Amino acid sequence: MQKEGERLIPINIVDEMKSSYIDYSMSVIVSRALPDVRDGLKPVHRRVLYGMYGLGVFSNRKYLKSARIVGDVLGKYHPHGDSSVYDAMVRMAQDWSLRYPQVDGQGNFGSMDGDPPAAMRYTEARLKKISDEVLSDLDKETVDFQNNFDDSLQEPTVMPTKIPNLLVNGASGIAVGMATNMAPHNLSESVDAICAYIDNKDVTIDELMQHIVAPDFPTGGIIYGYDGVRDAFHTGRGRVVLRAKVNFEEIGNRNAIIVTEVPYQVNKAEMIARTAELVKDEKIPGIHEIRDESDRKGLRVVYELKNDAIPNVVLNLLYKYTALQTSFSVNNIALVHGRPEQLNLKDIIHHFVEHRHEVIVRRTQFELKKAKERAHILEGFMKVIGTQDALDRAISIIRHSANPQAAKEGLIEAFELSDIQAQAILDLRLARLTGMELDKIRDEYDAIMKEIANLEDILANEPRRFQIIKEELIEIKEKYGDERRTEIDYSGGEMSIEDIIPNESVVLTISHAGYIKRTSLSEYKIQSRGGVGNKAATTRDSDFLEYIVSATNHQYMLFFTEKGRCYWLRVFEIPEGSKTAKGRAVQNLINIEPDDKIKAYIRTNNLKDSEYVNQMSVVMVTKNGTIKKTSLEAYSRPRVNGVNAIEIRDNDQLLGAYLTNGTSQIMIATKNGKCIRFPEEKVREVGRGSIGVRGIAMEDNDEVIGMIVVNDVENETVLVVSEKGYGKRTAVEDYRITNRGGKGVITLNITEKTGNLIAIQNVTDEDGLMIINKSGVAIRMGMDEMRVMGRNTQGVKLINLKKNDEIAAIAKVEMDKDVEEDSEELEDAEGTEGVIQEGTGTLFDNLEDDNAAPQGEETENSDSEE
């Protein structure tokens, strides 16, 4: 019921709701949730910094109770709840939340596990030194001020920051109808990019990206793929995939995945709890135990694996199901002149530089005004006290004046002074009237006039103002710049990365046990003949380097397993290690099955070169004598989980794979001592899904033990070794060329004394040979010590074997002379390239008669075809 004197105004509720909601949303957008593009701060953060500035809690002062700071900010500037201010201040002090924290907190300010900070009455804070640069020149009228909520005080609308805060610390906030999520970046990179923009306003975003490569998160981690980063820089929106930084260790007799850095904004405790649930539900098999071993030295989460688990497979499951891999959705929305705008990298830099330019202009105008005011006063001093007569006259006027006002008027009339000059004369202490002080006044005046000229030149000279911005930024970089924390794994994306990763020469080393690493060729110094060599890789007991090949970063390594699958790695994806590093197990780098084993490595050039992949072929052989030739083009489309290279039937397995050029010759050997030689052309090329054709005909109890590809018939020789220590080198020409599928000819006369043939290799005098016994002993010898002899002979005894011991395998050590170690150093150095045990037989002990008569003749149908 309407009361007397009241007036009701009918309104349309739809219009009122529209108006009220727009007012509310604009308040949230402008005054709460979005940062200003110039200083990168939201109002609450700006008020916290200004409140601490007003209280004088700078980086070189003592800490002040947080409750005192929060109360000051609430009472003066921020009319909201105390938790909003304290939570904002806490986040500004957390080095895992901000890339460059702005508040120096003392006490419990929370943790990466999501632990809350202590109450504000228990903690203390002061400004970080870097915040001094954000507040620098605030007292020089460099920015506009506005009334606070009750018009009783003034607060700055923006900070005159020297730090590109929006770039280096990012921002996140949810407004009404829009949100912002800006990634942090490295200060040094940001300064370089801004300087590049100042030097050339037409610089492209791609050119800026040569300086500021990607976001740099406070918790480190790895950016997986580059497409999202490129989109974010170019458009202001992009999805950046983040991965934890992990490595593999052996703890006791178990493999373990060690996490040392987690993705940005991941709660470590929640991540571990969630992983434990997945392990319990058997969604992530293979994990034995999870431990958080983090301490004050750093983060360390241990995933200890079961004995049959493959670390790389488990790691991929962790990436798939847990927060070890997350995404950061970049959405660069900030306030530009009070309006929200979506910004790309160049826009953010442009607005920061414009802000700094305005600050420099306003600071210079303020300093010029102050300098001119001081010069005006000094001119008055020099008029009145510049000579002894003038000084005596001024003193007389002051002494005979009835009051200060009369004295001021007398001085103005006598010396033609302004009101300000006359008052300054009256305020002078008598000590300033000495001769020495007069000289100081003249010197100060000269200095002030030079300063005025300098400031006027700055205001008249725009290029000079931009040069000042650059100089101040470079000074900031020198004081606060640091190394990038977040690594970038370019291979995670689909972009072509040849332009980013230099195609430099490297040395790939693969040990007999399957440990692989990549080392820059520059680490291997060229030595003159007779040098003692360098210490090579640290290996496990009874392990040695089997493959040492030179490569370039853009080449590919193909891995073939005994089950007939093929996997890829780009050379730059192989972990880098020093000369003495052990390397990483290949099984940890590719997703092979637990019961599979790598049997062959092939290094190729660029698989995107159509002419190259169509010219080269991959030839494979299996234990049952099947040979298959497929164009390299069939293996030119890498897949993470590999592809089938050859169909392997029951009781068969892949033995080897080789790259051929179309003119090679193929030799296959069996354990019963037969060997066949035929041109590569005899094997027709088939598709990747085919099973292959017969390479050699064998008896029921026979099987293939190896294949070699001969490209240089004149210089290469054939080495065959039997399991009881016999072997020989034979010229390739001793094996006549036949058709594929024949029974072959005798390569080593097999007797009970020699045992079955176990290996075939093509070698030259420059090669080394490593013999591995079943007892675990590895012995190395040089091929130049072994002479070439006839084909159909028993060979010579390579080593003396202990009772019941046999040779398990041989490996050609293709070591370049500049990399090879001196044999003496090899024996003395623990954990070097080979493990050579004394007392296991001497090289070529008890050689049989080199001229031994042939023990058998070729079979009649040795050259018969299939």
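Residues numbered from 1 in each chain as written. Predicted model: local features only at pLDDT ≥ 70, side-chain atom pairs only at ≥ 80, totals over all residues. Heavy atoms only, no water.

Here we take up the UniProt feature "active site" (unreviewed entry) in the chain. Sites flagged by UniProt as "active site" (unreviewed entry) map to Tyr122. One can find Tyr122 in the loop between β2 (103-106) and β3 (124-127). Taking the relative accessible area as the measure of exposure, Tyr122 reaches 56% and is therefore exposed. (UniProt positions renumbered as here; feature names shortened; annotations may be inferred. Helix = DSSP H or I, 4+ residues; strand = E, 2+ residues; numbered from the N terminus. Buried < 20%, exposed > 50% of the residue type's maximum accessible area, 1.4 Å probe, protein only.)

Of all hydrophobic cores here, the largest spans 108 residues; its most connected members are Ile349 and Phe381. The dominant element in this core, judged by the number of residues it contributes, is helix α12 (residues 345-385), at 14 residues. Other than its neighbours up to four places away in sequence, Ile349 contacts Leu167, Ala193, Ile194, Tyr197 and Leu208. Counting 22 residues, the second largest nonpolar core, distinct from the first, contains Phe248, Val259, Val266 and Ile287. (Core = buried A, V, L, I, M, F, W, Y, C linked by side-chain atoms within 4.5 Å. Contact = heavy atoms within 4.5 Å.)

Moving on, we come to the pairing of strand β36 (residues 757-763). Within β36, 7 of the 7 residues are buried, which leaves the element mostly enclosed by the surrounding structure. With 6 bridges connecting them, strand β33 (residues 717-722) and β36 associate as antiparallel partners. Within the sheet, the bridge partner assigned to Val720 lies in β36 and is Ile760. (Pairing = 2+ DSSP bridges.)

As for its placement among the helices and strands, Asp104 is situated in strand β2. A distance of 3.0 Å separates a polar atom in the side chain of Asp104 from a polar atom in the side chain of Tyr63. The contact partners of Asp104, leaving out residues within four places of it in the chain, are Tyr63, Glu124, Ala125, Arg126, Leu127 and Lys128. (Polar contact = N/O pair within 3.5 Å; in protein donor to acceptor, adjacent residues only side chain to side chain.)

Once that is clear, we can look at the packing of aromatic side chains. For the structure on display, the rule yields 11 aromatic pairs. Between Tyr50 and Tyr77 the ring centres are 5.3 Å apart and the planes differ by 55 degrees, which places this aromatic pair in the tilted class. Linking Tyr50 in helix α2 (residues 43-55) with Tyr77 in the loop between α3 (66-76) and α4 (82-93), this pair joins segments that are 27 residues apart in sequence. The residues Tyr50 and Tyr77 share a single accessibility class, namely buried. Following the ring pairs from residue to residue traces out a cluster consisting of Tyr50, Tyr53, Phe58, Tyr77 and Phe145. (Phe/Tyr/Trp six-rings, centres within 6.5 Å; stacked < 30°, edge-to-face > 60°.)

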